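Single-letter residue listing:
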Amino acid sequence: MENLIFSLNATVPVFLLMVLGYLLRFFKVVDEPFVNTLNSFNFKITLPVLLFQDIAKSDFYEVWDTSYVLYCFFVTLFCIAAIWLLSALLYKDKSHTGEFVQASFRGSAAVLGVAFIQNIYGNAGMAPLMIIGTVPLYNIAAVLILSFTKPLGETSGKKALLKSIKGILTNPIILGILLGMVFSLSGIRFPFILNKTLESVSSLATPLALIGLGAGFEGKKALKQIKPTIISSFIKLLLLPLLFLPLAATFGFRDEKMVALLIMLGAPTTVSCYIMAKNMGHDGTLTSSVVVATTFLSSVTITLWLFILRTFGLI
């Protein structure tokens, strides 16, 4: 019972904030332009400041773990390749495979990863290292896959690939992490006034990001392609954690590292998948269905995985 309560305490507050966001949108307290502005504010300001501050205040040499970053990278790479191969067996019409593959591997690493770890441990923990190992690869792989599987008649994805690479190099979250590393290595400490200001901004990151995620939730688009939605959701929420969390345990990863890996492997599909699919000429229906389904079901599956990890003493 203690392990179940621990798991519920970690997940329920996170999803209640998402529900609050959905209700605010449903009752028209906020509208779509506000949600878009809020998401942009979170992406460009609050999340980068939170990650920057957590890293800048820590001992970089103590926090950095090369084996952990490499594990995140190569597991993500293997998952992408394996899902792409699976999609080739499932679909004869390759115009659907791009959406299926992207939705099956690309989780909400930054938003939910930080939210869960901060909710459990009080800081971003190992989320920055996990983000370094996965998010750049997520973006590059998504562009390549969507380009190779674009519907007939669409323009070349070369321009989109270059735009994606530029986006990675200027990604505020990645820049926040890298800048935090510089300050951690240099040993520079902020004066009290500046530090308190950064703490105030960073404290907004998790609640605003979750409220924005919930407010952008579009249930009407869900389940329009039921079979691939079920398969993709099963892969994203259950199969990937089932395969790679035990392997991570054999490498000795525990606590914050294990929770970050759970989010990397079992977080719901990120909303940016839908945006990218639409911008690259895909229909977007399957992607939106998977986003909605995984977001809804992850409230159960993440609680279940946390309970299992807690029961086996891994967190």
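In the block above lies the structure referred to throughout.
Basis of the calculations
- Residues numbered from 1 in each chain as written.
- Predicted model: local features only at pLDDT ≥ 70, side-chain atom pairs only at ≥ 80, totals over all residues.
- Heavy atoms only, no water.
- Axes fitted to C-alpha atoms, helices over the stretch in contact; angles between N-to-C directions.
- Helix = DSSP H or I, 4+ residues; strand = E, 2+ residues; numbered from the N terminus.
- Parallel < 35°, antiparallel > 145°, perpendicular 65-115°, else oblique.
- Left-handed = near helix turned anticlockwise from the far one by under 90°.
- Contact = heavy atoms within 4.5 Å.
- Nonpolar A, V, L, I, M, F, W, Y, C, P; charged D, E, K, R; others polar.
- Phe/Tyr/Trp six-rings, centres within 6.5 Å; stacked < 30°, edge-to-face > 60°.
- Buried < 20%, exposed > 50% of the residue type's maximum accessible area, 1.4 Å probe, protein only.

Considerations on the packing of helix H4 (residues 66-90) against helix H12 (residues 226-250)
Relative to each other, H4 and H12 sit at 140°, their axes nearing to 12 Å. By the angle class used here, H4 and H12 are oblique. The element H4 and its partner H12 pack so that their crossing is right-handed. Here Tyr71, Val75, Phe78, Cys79, Ile83, Leu86 and Leu90 of H4 come into contact with H12, specifically with Ile231, Ile235, Leu240, Phe244, Leu247 and Ala248. Taken together, the residues of the contact of H4 with H12 break down into 13 nonpolar, no polar and no charged.

Overview of the packing of H12 against helix H13 (residues 255-266)
Where H12 contacts H13, the axes come no closer than 8 Å and their chain directions differ by 150°. The crossing of H12 and H13 is right-handed. Across the interface between the two elements, Lys236, Leu237, Leu240, Pro241, Phe244, Leu245, Ala248 and Ala249 from H12 touch Met258, Leu261, Leu262, Met264, Leu265 and Gly266 from H13. By residue class, the composition of the contact of H12 with H13 is 12 nonpolar, one polar and one charged.

Let's talk about the packing of aromatic side chains
If you walk through the whole model with that rule in mind, you get 12 aromatic pairs. Centre to centre, the rings of Phe251 and Phe253 are 6.2 Å apart; their planes meet at 10°, and the pair counts as stacked. Its relative accessible area of 3% is what places Phe253 among the buried residues.

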